[in-house]
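Spelled out, the chains give:
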Amino acid sequence: MPSFAYRGRNSAGQPVEGVLEAVNANLAADALLGAGVTPLSIEEKADSGGGFKLQLFAPRIGHIDILLFTRQIYTLLKAGVPIMRALNGLRDSTQNPAMQDMLQSVRESLDQGRELSVSLARHPKVFTPFYLSMVRVGEMTGQLEAIFLRLFDHLAFERFMREQVKSALRYPSFVVAAMVLAMVVINIWVIPAFADVFKGFGAELPFLTRMLIGVSNFFLSWWPAMLLGAIGASVGFAKWISTEDGRYRWDRFKLRLPVAGKIVQKATMARFARSFALAARSGVPIIQALTNVAMTVDNAWIAEKLDRMREGVERGESVLRAAIATEAFTPVVLQMIAVGEESGALDEMMEEIADLYQNEVEYELKTLAQQIEPILIVMLGMMVLVLALGIFLPMWDLGRVALGKQ
């Protein structure tokens, strides 16, 4: 029987991990749910005696697939279509084979008498704990249609934020890539050609010119090692941030970046506030809401702050006092949390916080190019200045020497 390594959260929100034996991953998820553990990832352990299977370009279920599924299932349920017929229709209409398999698995699980939330939880790589918790609340309250609509709005908001960030970083990334490419071309073709010309004159070259020629020679001699080093560094970095400690440190470092750090922080807090408002409005207990929301902010450092906030609430502290202890919120946000607790409208205040952060993120993204452009211009100007002084000054000196001899 195969073994599966799992990571999850117990009923108290604490992280747990281990290994269990099951026929397949779905039954492993059922066993974990029966033990009160919400699975976050379930991976089959490699069999040392078995063969190695490499599957390239396998179809995946992406964010847009879940977004469309959520909207479509809401529309079908609102129209009075039974859940089994709705899943059949969605399975037949989707063009993604992985999505078809997942919907078929969910339908078979429902046929066996399981609840929808339990059936979806058998696919922890597709549905987040927050998504599953919201579906579970919808089942308990009889408001599954409304929950799916709110989940769709939430997923659409997260997609909008990601697209905004990608769009804002596209121009600076292109400029930096063009500068790196230009440096490679200059070191491989341009500087060696001028070096041959200078060598033919036999004159003493300025220090800057000798430095450029030395860098070019080093690049030509060691470019295979530099390429392997860059690849090794990229692979090592990817493996490092895949670890718990590495991701925590990297997520914390991202928040300290000069220009992008404040955008990342505001976008993360906007996702937190929107998720918390959705959970609170749907009737999820505050402790459970904080546990689930901490898994959705996509930042390990902020998630750790939210876990501390949840622990404070568990000890009997108010949401405001627990939020102050995290040192992760601005005074304006803390004031709105205080008003929300006093008035009993914490969900509305969190929604206001989400709107506030969203507006700030949109403004920062619109002005991001203006903030980065001076830095890029200075870098480009320095590169041109070094090249001009290193290459053209010797030519001018040689030209004056030639004219003087005439």
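Keep in mind that this is a model prediction, so the values were computed, not measured. (Residues numbered from 1 in each chain as written. Predicted model: local features only at pLDDT ≥ 70, side-chain atom pairs only at ≥ 80, totals over all residues. Heavy atoms only, no water.)

Novice: Looking at this structure, how should I read the sheet that holds strand β2 (residues 15-21)?
Specialist: Taken together, 3 strands build an open sheet; the order of strands is β2-β1-β3 and the sheet is antiparallel. Whereas interior strands pair on both sides, the edge strands pair on one side only; in this sheet they are β2 and β3 (38-44). On average, adjacent strands in this sheet sit at an angle of 20° to one another, irrespective of strand direction. Judged from the 7 bridges that link them, strand β1 (residues 3-9) and β2 form a sheet pairing that is antiparallel. Residue pairing in the sheet places Ala5 in a bridge with Val19 of β2. (Pairing = 2+ DSSP bridges. Helix = DSSP H or I, 4+ residues; strand = E, 2+ residues; numbered from the N terminus. Axes fitted to C-alpha atoms, helices over the stretch in contact; angles between N-to-C directions.)

Novice: Hey, could you run me through helix α10 (residues 260-281) in this one?
Specialist: Residues spaced three or four apart along an α-helix face the same direction, because each turn holds 3.6 residues. With 22 residues, α10 extends 32 Å from end C-alpha to end C-alpha; this agrees with the ideal 32 Å at 1.5 Å per step. Summarising burial for α10: 16 of the 22 residues are buried, a large majority. Immediately beyond the C-terminal end of α10, within one or two residues, lies Gly283, with a positive phi of roughly 95°. (Expected span 1.5 Å × (residues − 1). Buried < 20%, exposed > 50% of the residue type's maximum accessible area, 1.4 Å probe, protein only.)

Novice: Is there a simple way to think about unusual backbone geometry in this case?
Specialist: Across the chain, the bulk of peptide bonds are trans and the bulk of non-glycine residues have phi less than zero. Despite not being glycine, Glu327 shows a phi value in the positive range, around 55°. Looking at where Glu327 falls in the secondary structure, it is placed in the loop between α13 (319-326) and α14 (331-343).

Novice: What is the right way to read the packing of aromatic side chains from this model?
Specialist: The description of two aromatic rings rests on the distance between their centres and on the angle between their planes. Enumeration over the complete set of coordinates arrives at 8 aromatic pairs. Summarising the aromatic geometry, the rings of Phe237 and Trp240 are spaced 6.1 Å apart at their centres and angled 45° between planes, so their arrangement reads as tilted. Separated by 3 residues within a single helix, Phe237 and Trp240 lie in helix α8 (residues 207-242), roughly one turn from each other. The side chain of Arg71 reaches across the aromatic face of Phe152, ending 5.2 Å from its centre. Over the aromatic face of Phe157 sits the side chain of Arg274, whose NZ or CZ is 4.5 Å from the ring centroid. (Phe/Tyr/Trp six-rings, centres within 6.5 Å; stacked < 30°, edge-to-face > 60°. Lys NZ or Arg CZ within 6 Å of the ring centre and 35° of its normal.)

Novice: Is there a simple way to explain empty space enclosed by the protein in this structure?
Specialist: Empty space among the atoms becomes apparent when a probe as large as a water molecule is rolled across them. If you walk through the whole model with that rule in mind, you get 2 cavities of 30 Å³ or more. Of the volumes computed, that of the largest cavity is approximately 40 Å³. Elements supplying a minimum of two residues to the lining of the largest cavity: α7 (144-201), α8 and α16 (368-405). Here the lining of the largest cavity gets 4 residues from one element, more than from any other, and that element is α7. In the lining of the largest cavity, the residues fall into 7 nonpolar, 2 polar and no charged. (1 Å grid on protein atoms, 1.4 Å probe; cavity = no way out; pocket = protein on both sides within 12 Å on 5 of 7 lines; lining within 4 Å. Points joined across faces, edges and corners; volume = space filled by probe spheres on them. Nonpolar A, V, L, I, M, F, W, Y, C, P; charged D, E, K, R; others polar.)

Purely geometric numbers; function is a separate question.
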